[in-house]
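The lines below spell out each chain.
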Amino acid sequence: MSGILENSPNYKLNKTVLDKFLSLPQPENKVQATYIWIDGTGEGIRAKTRTLDFVPKSVSELPIWNYDGSSTYQSEGSNSDTYLYPVAMYNDPFQRGNNKLIMCDTYKYNHQPTETNHRAACLEAMTKAAAQKPWFGIEQEYTLLDMEGRPFGWPRNGFPGPQGPYYCGVGANKVYARDVVEAHYRACLYAGINISGTNAEVMPSQWEFQVGPCEGIEIGDQLWVARYLLHRVAEEFGVVVTLDPKPMEGDWNGAGAHCNFSTKTMREENGIIEIEKAIDKLSKQHIRHIKAYDPKEGKDNERRLTGKHETSTIHDFSAGVANRTASIRIPRGCAEEKKGYLEDRRPASNCDPYSVANVIVRTVCLNE
Ligand code: ADP
Ligand code: MN
Ligand code: MN
Ligand code: MN
Ligand code: MN
């Protein structure tokens, strides 16, 4: 097997040396705050750290900060200061103690949202729809790669055996780099992310974790920080995470970000009627949704939503109970109980959850 860890500079560093310094006492009034944001690609994550001289209790106490937007595909060099507005705060599982992770959204020199700040519009929709109590649970699929860009653990020249034994697999010949998955799970719990589970996926070296249910805007804040934690944990192992929705061509499953959705009425007795109404509204806005479900307005999902490998075709809308080849699936349990939630299976793994949640709420709750 080609772990190719010998090619990974980060892996080669001796982590016990770092421990000597991380265990140094930290002055009580000095807190490391790592500000996290989405760059101009709409899928890349950036982060930088500053010292605060107080222990923040809420996001409102955190200073606005800035960065060089010309180095993140977000502005011209001549007018490059881009603002970071703190929106959510989590415990930092790497630095521990009072140290914090700060999710931010980004604003241009004139305080207008940057092109890839999809949180602003999402927050507006969530505020309007707040009384309907929209809940989201996103299943984040991802693929681990080695430093040469090959799925982690795959033979350098050749392929693993065909798909079948790997989904929820156990054993050294079924799953690769479970260490990353376990570390990430605990890191999310420590941070305060509402992570609800994890499983090995159908393609070897492909995994999933779920975040939710989260109400309103929190689904975006939490999923982005969970993605940050995943990249950051994998960095320590010398493994690369890709959210590409179809990392391997051929008879290999792609990666999605199924979005499970409900409103208060859907969760109550006979909520199935409301779920069916929602599906009817979604059926009339298929193209609008496909455009919001990956960062390239459907181009990325074209490679994934082929109608094969447990997907629907990108060209048509469909819905069904327990149907994994439909755009929308009503989970069997919800159909039986006549209430619960629906699963939109279309979002790509590299979608912006703010865009996904935004368009679902606008179509279903706000009738836009
Ligand atoms: P699947 O069976 O499609 O693999 P998972 O168990 O991976 O589903 O994920 C289901 C997701 O749905 C979880 O994130 C869970 O928190 C979320 N969820 C459960 N109930 C609701 C609900 N009422 N509204 C929205 N999301 C929900
Ligand atoms: Mn500088
Ligand atoms: Mn799942
Ligand atoms: Mn899955
Ligand atoms: Mn699913």
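The structure displayed is predicted, hence computed values, not measured ones.

## Structural notes on the overall build of the chain
Stage number 1. When helices and strands are counted, the chain shows eleven helices and 13 strands.
Stage number 2. Here the C-alpha radius of gyration of the chain, 21 Å, is about what a compact globule of 368 residues would show, namely 21 Å.
Stage number 3. Over its C-alpha atoms, taken along the principal directions, the chain stretches across nearly 55 × 50 × 40 Å.
Stage number 4. Expressed as a percentage of its 368 residues, the buried residues of the chain come to 51%.

## Section: the coordination of the manganese ion (ligand 3)
Stage number 1. Protein coordination at the manganese ion (ligand 3) comes from Glu139 (OE) and Glu208 (OE), with a distance range of 2.2 to 2.3 Å.
Stage number 2. In this structure, the manganese ion (ligand 3) lies 3.9 Å from the manganese ion (ligand 4), and both are coordinated by Glu208. In this pair, Glu139 sits in strand S6 (residues 135-145) while Glu208 sits in strand S8 (residues 206-215), placing the two residues 69 residues apart along the sequence.
Stage number 3. Residue classification places Glu139 among the buried positions, given a relative accessible area of 14%.

## Focus: the coordination of the manganese ion (ligand 4)
Stage number 1. Around the manganese ion (ligand 4), the protein contributes the donor atoms Glu141 (OE), Glu201 (OE) and Glu208 (OE), at 2.0 to 2.2 Å from the metal centre.
Stage number 2. In the primary structure, the donors to the manganese ion (ligand 4) are separated according to the pattern E-x59-E-x6-E.
Stage number 3. Take Glu141: its relative accessible area is 10%, and that puts it in the buried class.
Stage number 4. Since its relative accessible area comes to 5%, Glu208 is described here as buried.

## Description of the pattern of salt bridges
Stage number 1. Within this structure, the stated rule accounts for 22 salt bridges.
Stage number 2. We note a salt bridge from Asp39 to Arg46, for which the minimum N-O separation is 2.9 Å.
Stage number 3. Assessed through its relative accessible area of 25%, Arg46 is described here as partly exposed.
Stage number 4. The shortest N-O distance in the salt bridge between Lys277 and Glu274 comes to 3.5 Å. With a gap of three residues between them, Lys277 and Glu274 both fall in helix H7 (residues 272-283), about one helical turn apart.

## So, unusual backbone geometry
Stage number 1. With an omega of -5 degrees, the peptide bond between Gly212 and Pro213 qualifies as cis.
Stage number 2. One non-glycine residue with positive phi stands out, namely Asn367, at about 50 degrees.
Stage number 3. Residue position: Asn367 is located in the segment after helix H11 (353-364).

## Overview of the pairing of strand S4 (residues 81-91)
Stage number 1. Of the pairings in the sheet, the one linking strand S3 (residues 65-68) to S4 comprises four bridges and is antiparallel in character. When the sheet's bridge partners are listed, Asn66 is paired in S4 with Tyr83.
Stage number 2. The sheet contact formed by S4 and strand S5 (residues 100-107) spans eight bridges and is antiparallel. Within S5, the residue paired with Tyr83 across the bridge is Tyr107.

## Considerations on the domain arrangement of the chain
Stage number 1. One can read the domain layout of the chain as domain 1 (9-116) and domain 2 (126-366).
Stage number 2. For domain 1 and domain 2, the distance between their C-alpha centroids amounts to 26 Å.
Stage number 3. On the domain 2 side, the residues contacting the 24 residues of domain 1 number 26 residues.
Stage number 4. Together domain 1 and domain 2 conceal approximately 2000 Å² of surface at their shared face, both sides included; 69% is due to carbon and sulfur atoms.

## A look at the environment of Glu268
Stage number 1. Tracing the backbone through its elements, the reader meets Glu268 in the loop between helix H6 (264-267) and H7.
Stage number 2. Residues Glu268 and Tyr107, 161 residues apart in the sequence, show an inter-C-alpha distance of 39 Å.
Stage number 3. Glu268 has contacts with Lys338 and Lys339, leaving out every residue within four places of it along the chain.

## A look at the site of ligand 1
Stage number 1. Within the structure, ligand 1 sits among 17 residues, and Glu208, Gly212, Ser262, Arg329 and Glu343 are positioned closest to it.
Stage number 2. At a separation of 2.7 Å, a nitrogen atom of ligand 1 approaches a polar side-chain atom of Ser262.
Stage number 3. A distance of 3.1 Å separates an oxygen atom of ligand 1 from a polar side-chain atom of Arg329.
Stage number 4. For ligand 1, whose accessible area on its own is 590 Å², the fraction buried by protein is 76%.
Stage number 5. The element best represented in the shell around ligand 1 is S8, accounting for five residues.

## Things to note about the side chain of His184
Stage number 1. Inspection of the secondary structure puts His184 in helix H4 (residues 178-191).
Stage number 2. Contacts of His184, omitting those with residues within four sequence positions, involve Ile195, Phe209, Ala226, Leu229, Leu230 and Val233.

Basis of the calculations
- Residues numbered from 1 in each chain as written.
- Chains lettered and ligands numbered in written order.
- Predicted model: local features only at pLDDT ≥ 70, side-chain atom pairs only at ≥ 80, totals over all residues.
- Heavy atoms only, no water.
- Helix = DSSP H or I, 4+ residues; strand = E, 2+ residues; numbered from the N terminus.
- Rg over C-alpha atoms; globule rule 2.2 N^0.38 Å.
- Buried < 20%, exposed > 50% of the residue type's maximum accessible area, 1.4 Å probe, protein only.
- Donors = N, O, S within 2.8 Å, 3.2 Å for Na, K, Ca; no water.
- Salt bridge = Lys/Arg side-chain N within 4 Å of Asp/Glu carboxyl O.
- Pairing = 2+ DSSP bridges.
- Domains from an automatic or database assignment.
- Contact = heavy atoms within 4.5 Å.
- Buried area = accessible area lost by both parts, 1.4 Å probe.
- Near = heavy atom within 4 Å.
- Polar contact = N/O pair within 3.5 Å; in protein donor to acceptor, adjacent residues only side chain to side chain.
- Areas by Shrake-Rupley, 256 points an atom, 1.4 Å probe, with all protein chains shown as cover.

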